[in-house]
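# Working through the structure, step by step
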Amino acid sequence: MRYLALLLIMLCACNAGPDPAVLRASLTADSVAQIRVPVIFVQVPDRQLAATLVPSGQNGPVRSWGSRDGVQLSYDLGVLVATRGLGHDLMAADVGGTLAALRGAPMHYARLLSTINGAYQTVIQRHDCVMTREGARLHEAPLGPVHVTRYRESCNGARNYENIYHVAADDTVWWSRQWVPNLGSAVETERIKR
């Protein structure tokens, strides 16, 4: 029961708009060890927004994560494929090329992102992307360091952007910074507890 109370306190704090650094600092080894459900920490640095999210659904490899205030992010094996509740949402994304490149396939591919415009019409943006493996590093997770490989995804299209992924040997994405069209910002996601 104590872990549930702690998690609810963290989720409630997100709604009040805490400083992202303060919220992240509260995710210590001791506090995370008490939580018995998977948790991710998400922030939009450009907007000083942050929240802890817990699983809210699963559809094949796509897991959706939700906050108490209705924000929902969906990831296909750690790659962002949809957002809800951010105001300018990513409706869907074809990230097959990204996933393949993170697992050693060809590093050049197309990426398709689907959004809704002001007239409620679907807009599909095509981006040509290149994945670069940048080497090994140590990711400091709350429950201990994790060895990861850093990847940089550079995409060109209607807008040029870069995504960063820190991936462990078991293909877990422990940290990422992924651009969201329409939002015009990157969302940073950190795996806190599996």
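First, a word on scope: everything that follows refers to the structure included in this document. (Residues numbered from 1 in each chain as written. Predicted model: local features only at pLDDT ≥ 70, side-chain atom pairs only at ≥ 80, totals over all residues. Heavy atoms only, no water.)

What follows deals with the overall build of the protein. Broken down by element type, the protein carries 4 helices and 12 strands. For the protein, the C-alpha radius of gyration of 16 Å lies close to 16 Å, the compact-globule estimate for 194 residues. C-alpha extents for the protein along the principal axes are approximately 45 × 45 × 30 Å. Within the protein, the fraction of its 194 residues that count as buried is 47%. Partitioning the intrachain contacts of the protein with sequence separation of at least 6 by distance along the chain shows that 42% fall at a separation of at least 24. For the protein, the exposed surface amounts to about 9,400 Å²; the carbon and sulfur share of it is 54%. (Helix = DSSP H or I, 4+ residues; strand = E, 2+ residues; numbered from the N terminus. Rg over C-alpha atoms; globule rule 2.2 N^0.38 Å. Buried < 20%, exposed > 50% of the residue type's maximum accessible area, 1.4 Å probe, protein only. Contact = heavy atoms within 4.5 Å. Areas by Shrake-Rupley, 256 points an atom, 1.4 Å probe, with all protein chains shown as cover.)

The next point concerns the sheet that holds strand β11 (residues 173–180). Whether parallel or antiparallel, the strands of a sheet pair through hydrogen bonds between backbone atoms. Judged by pairing direction, the sheet is antiparallel, and its 12 strands sit side by side in the order β5-β4-β3-β2-β1-β12-β11-β10-β9-β8-β7-β6 without closing on themselves. Every interior strand has two partners, whereas the edge strands, β5 (79–84) and β6 (90–94), have only one. On average, adjacent strands in this sheet sit at an angle of 30° to one another, irrespective of strand direction. Where strand β3 (residues 62–66) and strand β4 (residues 72–76) come together, 5 bridges link them in antiparallel fashion. Each bridged residue has a counterpart across the sheet, and for Ser-64 the counterpart in β4 is Ser-74. (Pairing = 2+ DSSP bridges. Axes fitted to C-alpha atoms, helices over the stretch in contact; angles between N-to-C directions.)

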